[in-house]
Amino acid sequence: QVQLVESGGGLVQAGGSLRLSCAASGRTFKKYYMGWFRQAPGKEPEFVGTINWSIGSTAYADSVKGRFTISRDSAKNTVYLQMNSLKPEDTAVYYCAAKTSASGSLRGRSEYDYWGQGTQVTVSS
C-alpha cells in the first residue's frame, strides 16, 4: 500500500509564504512525477505543478508560475511545494499525487495513480 501524506498547510496573510510537504511511504513504487493539485470551494480541481522525480525538471500552471516552486528530496521520499507571494485566490485544499508512468500531459488528474488526503491552505486578504 502506498501512502502520501501532506503537511504544512495553514492560514497566512496575502503576500506571505508557506511550504507544503508530501511524504511517500509504504510499498516501493516507481515515481516518474510527483504533482500538486488544488481544489477551491465550489471549483473544479486544478493542476498546480509537477516534478520529474529523476531529473528534477518542473512544470507549473500559469496561475502560480514565478510564485510557487516544487522540489524533492529523494533520500526522504518527500516532495515540497514552496508557495510565495500568496494571494487569496490561492485558498484551496492542496493535494499531492504520484504518477507512475512517463507518458501523458502531466497535468491531468487521471494520470496520477496515488493521492494524499490534502491539506488546507487559507490566504486572508
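This text gives an overview of the structure that appears in the document. (Residues numbered from 1 in each chain as written. Predicted model: local features only at pLDDT ≥ 70, side-chain atom pairs only at ≥ 80, totals over all residues. Heavy atoms only, no water.)

1. Remarks on the pattern of salt bridges
Pairs may arise between side chains of opposite charge once their charged atoms sit close together. Quick reminder of the rule: Whenever Lys or Arg places a side-chain nitrogen within 4 Å of a carboxyl oxygen from Asp or Glu, that contact is recorded as a salt bridge. Secondary structure elements are taken from DSSP: a helix is a run of H or I of four residues or more, a strand is a run of E of two residues or more, and numbering for both begins at the N terminus. The buried label goes to any residue with under 20% of its type's maximum accessible area, the exposed label to any with over 50%, and the partly exposed label to all in between, with areas taken from a 1.4 Å probe on protein chains only.
Summed over all chains, the structure comprises five salt bridges. A salt bridge links Arg 38 to Asp 90, with the nearest nitrogen and oxygen atoms 2.9 Å apart. Within this pair, whereas Arg 38 is found in strand S4 (residues 33-39), its partner Asp 90 is found in the loop between strand S8 (78-83) and strand S9 (92-99), the two being separated by 52 residues in sequence. The exposure classification of Arg 38 matches that of Asp 90, with both residues buried. Arg 67 is the partner of Asp 90 in a salt bridge, and the nearest nitrogen-oxygen pair spans 2.7 Å. Of the two residues, Asp 90 is situated in the loop between S8 and S9 and Arg 67 in the loop between strand S6 (58-60) and strand S7 (68-73); the sequence distance between them amounts to 23 residues. Judged by its relative accessible area of 10%, Arg 67 falls in the buried class. Salt bridges linked by common partners bring Arg 38, Glu 46, Arg 67 and Asp 90 together as one network.

2. Structural notes on unusual backbone geometry
The phi torsion at Asn 77 lies on the positive side, around 55°, for a residue other than glycine. By the element assignment, Asn 77 lies in the loop between S7 and S8. Backbone geometry at Leu 106 places phi at a positive 80°, although glycine is not the residue there.

3. Topic: the sheet that holds strand S1 (residues 2-7)
Rules: Paired strands, as defined in this entry, are two strands with at least two bridges between them according to DSSP. What counts as an axis is a line fitted to C-alpha atoms, over the stretch in contact for a helix, and the angles between N-to-C directions run from 0 to 180 degrees.
If you trace the four strands from one edge of the open sheet to the other, you get S1-S3-S8-S7, paired in antiparallel fashion. On the outer flanks of this sheet lie S1 and S7, each paired with one strand and no other. Each adjacent strand pair in this sheet contributes to an overall mean axis angle of 15°, direction not counted. The pairing of S1 with strand S3 (residues 18-26) spans six bridges and is antiparallel.

4. Section: the side chain of Asn 52
Keep this limit in mind: The contact criterion used throughout is that any non-hydrogen atoms of two residues lie within 4.5 Å.
Mapped onto the elements, Asn 52 comes out in strand S5 (residues 46-52). The class for Asn 52 is buried, based on a relative accessible area of 12%. In this structure, Asn 52 is in contact with Tyr 32, Tyr 33, Ser 57 and Arg 72, ignoring residues within four places of it in sequence.

5. Side note on the nonpolar core
This is how it is decided: Here the nonpolar core consists of buried residues drawn from Ala, Val, Leu, Ile, Met, Phe, Trp, Tyr and Cys, with membership extended through side-chain atoms lying within 4.5 Å.
One finds Trp 36, Leu 81, Met 83 and Tyr 94 to be the most contacted residues of the largest nonpolar core, which totals 35 residues. Put simply, the parts of the chain that give this core at least two residues each are S1, S3, S4, S5, S7, S8, S9 and strand S11 (119-124). The greatest single-element share of this core, amounting to five residues, is contributed by S9. Excluding residues that lie within four positions of it along the chain, Leu 81 makes contacts with Leu 18, Arg 19, Leu 20, Trp 36, Val 48, Phe 68, Thr 69, Ile 70 and Tyr 94.

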